[in-house]
Amino acid sequence: MRIVVIGGGISGLAAAWESRAAGAEVTVLEASPRAGGVLAVSEVAGVSLDSGAESFLARVPEAAALAAELGLPVVHPARVPAALWIGGALRPLPARTVMGVPTSAAGLRPVVGWPGVARFAWDAARGRRGGRPRGAAPLPDVAVGALVARRLGRRAATRLVDPLLGGVYAGRSELLSLRATVPALAAARDRVGDRSLVAAARAALPVGAAPDAPVFGAPVGGMGSLATALAARLDVRTGQAAAGLFRSATGWDVVVRSADGERTEQADGVVVAVPAHVAARLLAEHVPGGPGAFGAFPAASVALASFAFPQAAVPRGLAGSGFLVPADQGRLLKAATFSSQKWPHLAAAAPGLWLARASAGRYLDQLGPGGRTGIDRDDQELAGVLAGELRAATGLRGRPVDVRVTRWDRGLPQYLPGHVDAVARVRRGLPPGVALVGAAYDGVGVPTCIRSARTHARTLLAALSAADTGDGPAVAPGLAEGH
């Protein structure tokens, strides 16, 4: 059986890995010069540092399991807290939240003030009145920020939930789907009802995990090394863009465009693992609604600056793993990671240097003077603004010895309310022999991308095999799964 995977990001590579393990002949087509998508490593002051996703959620096993399959050792970050930059000061991020939704009043006052603490207590008290009947229908999907503002107040939404969701999705909480972005909280709310958001958050906390169990992990060589190791074991053809997808008498023809011209790859099945705006073009003639069906899956552009400062520039007493910046603080900087303090192996690899990452870019950033958005500046200016804000927040002195700016155009999908149902509709409309995977649909977390890709690859192969033997239709059913 021959499978062509269109797109060499982590989802496409994982789908190819699963298909090859099942005995299929697999080719991965990647339009850019390298595989990996937003999993990438750059060199800063001679040190390899992730310039995209920097870790995976450890309690979701797929990324760690794949790293083990590839023989990649995994490290975990130091257990140091994160902060919020509010009112010109770094304030501790309250512990044990569910994507910013608090489960305890501890640490809330410096962030949301006494009125916010009172709203928390009022909502928590309402949670003592019982839950919903067993078997009740799921509650309607809602925007996370609107729900939090209604239950816990505007400051809880803008200063707790928005920074965390902004860090993960580069999105705005008032536009993001609860069911798609915080599925554990949505499921808990279905059980306990809409009377108390605090009760739902408490019910959504993971149970059974050891108190000292690591929350995040990453391969020693960075998340980019996961993609590099996969690509090295697969038939990945970079600089090869899929320009068209057409039915054939035996399956599918993929028109491939490269510097050498145009050719056609024949396949029994195709996995489409590209961003939604590219998938819309490829699948326009094959799904109900055409390109408009993919309009429900917008994306945000982001920029990341990786810095190396002299260790002497770091003020005494600067602690923690980094900080998040609420959008209402009027800063370009969205989040900062103190890489040398978060990852001990990076500190050991760069003695005398202090490594940090700073990110910017939110969905629907307002246009500024001259029609520019916050990240629509050249690399030097962007790095200068981010370095200045990093210094203002931390007290860093002097200039960095090296900096690397990386941009991800439309790199982070936005899950609008109703996202899960929209994904299911598109997948139900897919023609036989085609699977659709990627961060735009099932989750931006690396473990979720891997799980979704491998699951859909198995389903596609099973459907093709059933059609070949006459045992069933060659239709891959939709998979609408959470994180």
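Basis of the calculations
- Residues numbered from 1 in each chain as written.
- Predicted model: local features only at pLDDT ≥ 70, side-chain atom pairs only at ≥ 80, totals over all residues.
- Heavy atoms only, no water.
- Core = buried A, V, L, I, M, F, W, Y, C linked by side-chain atoms within 4.5 Å.
- Buried < 20%, exposed > 50% of the residue type's maximum accessible area, 1.4 Å probe, protein only.
- Helix = DSSP H or I, 4+ residues; strand = E, 2+ residues; numbered from the N terminus.
- Contact = heavy atoms within 4.5 Å.
- Axes fitted to C-alpha atoms, helices over the stretch in contact; angles between N-to-C directions.
- Left-handed = near helix turned anticlockwise from the far one by under 90°.
- Pairing = 2+ DSSP bridges.
- Phe/Tyr/Trp six-rings, centres within 6.5 Å; stacked < 30°, edge-to-face > 60°.
- Lys NZ or Arg CZ within 6 Å of the ring centre and 35° of its normal.
- Salt bridge = Lys/Arg side-chain N within 4 Å of Asp/Glu carboxyl O.

Draft legend 1. Broad picture of the nonpolar core. One finds Ile 3, Val 5, Ile 10, Leu 226, Val 271, Val 446 and Ile 450 to be the most contacted residues of the largest nonpolar core, which totals 49 residues. Secondary structure elements with two or more residues in this core: strand 1 (2-6), helix 1 (10-21), strand 2 (25-30), strand 4 (47-50), helix 2 (62-69), helix 9 (223-232), strand 20 (353-360) and helix 16 (446-469). The contact partners of Leu 226, leaving out residues within four places of it in the chain, are Ile 10, Leu 66, Ala 67, Leu 70, Leu 72, Pro 219, Val 446 and Ile 450.

Draft legend 2. A look at the packing of helix 4 (residues 144-152) against helix 5 (residues 154-169). Remark: helix 4 packs on helix 5, axes separated minimally by 8 Å, with the N-to-C direction vectors making an angle of 145°. Handedness of the crossing formed by helix 4 with helix 5: right-handed. On helix 5, the residues that touch Val 144, Gly 145, Val 148, Ala 149 and Leu 152 of helix 4 are Arg 154, Ala 156, Ala 157, Val 161 and Leu 165.

Draft legend 3. Highlighting the pairing of strand 20. The buried fraction of strand 20 amounts to 8 of the 8 residues, a majority that puts the element mostly inside the structure. By the alternation rule, side chains of strand 20 split into Leu 353, Leu 355, Arg 357 and Ser 359 and Trp 354, Ala 356, Ala 358 and Ala 360, which are all buried. As paired elements, strand 17 (residues 299-310) and strand 20 share 8 bridges and run antiparallel to each other. Across the sheet, the residue bridging to Ala 305 is Ala 358, located in strand 20.

Draft legend 4. The sheet that holds strand 11 (residues 216-219), seen in detail. Taking strand neighbours across the sheet as the criterion, the 3 strands line up as 5-11-6 in an open arrangement whose pairing is antiparallel. Strands with a single pairing partner mark the edges of an open sheet, and in this sheet they are strand 5 (56-57) and strand 6 (74-75). Pairing of strand 5 with strand 11, which is carried by 2 bridges, proceeds in the antiparallel orientation. Within the sheet, the bridge partner assigned to Leu 57 lies in strand 11 and is Phe 216.

Draft legend 5. Main features of the packing of aromatic side chains. This model, assessed by the stated rule, comprises 8 aromatic pairs. Judged by centre distance (6.0 Å) and plane angle (65°), the ring pair of Phe 323 and Phe 338 falls under edge-to-face. With Phe 323 in strand 18 (residues 322-324) and Phe 338 in the loop between strand 19 (333-337) and helix 11 (339-342), this pair connects stretches of sequence that are 15 residues apart. Grouping residues by exposure puts Phe 323 and Phe 338 together as buried. Chaining the aromatic ring pairs together yields one cluster made of Trp 85, Phe 307, Phe 309, Phe 323, Phe 338 and Trp 354. In this arrangement the basic side chain of Lys 342 is found over the ring face of Phe 216, its NZ or CZ atom lying 5.7 Å from the centre.

Draft legend 6. Molecular detail of the pattern of salt bridges. Summed over all chains, the structure comprises 20 salt bridges. For Glu 18, the salt bridge is made with Arg 454, and the minimal N-O distance between the two is 2.7 Å. Placement of the pair is Glu 18 in helix 1 and Arg 454 in helix 16, with a sequence separation of 436 residues. Given the relative accessible area of 11%, Glu 18 is considered buried. A salt bridge links Asp 442 to Arg 427, with the shortest nitrogen-to-oxygen separation between them at 2.8 Å. A residue pair is termed long-range when its members are at least 10 positions apart, and Asp 442 in helix 15 (residues 439-442) and Arg 427 in helix 14 (residues 419-428) qualify at 15 residues. The class of Asp 442 is buried, set by a relative accessible area of 4%. The class for Arg 427 is buried, based on a relative accessible area of 3%. Connected through shared salt-bridge partners, Arg 2, Glu 25, Asp 235, Arg 237, Arg 263 and Glu 265 make up one network.

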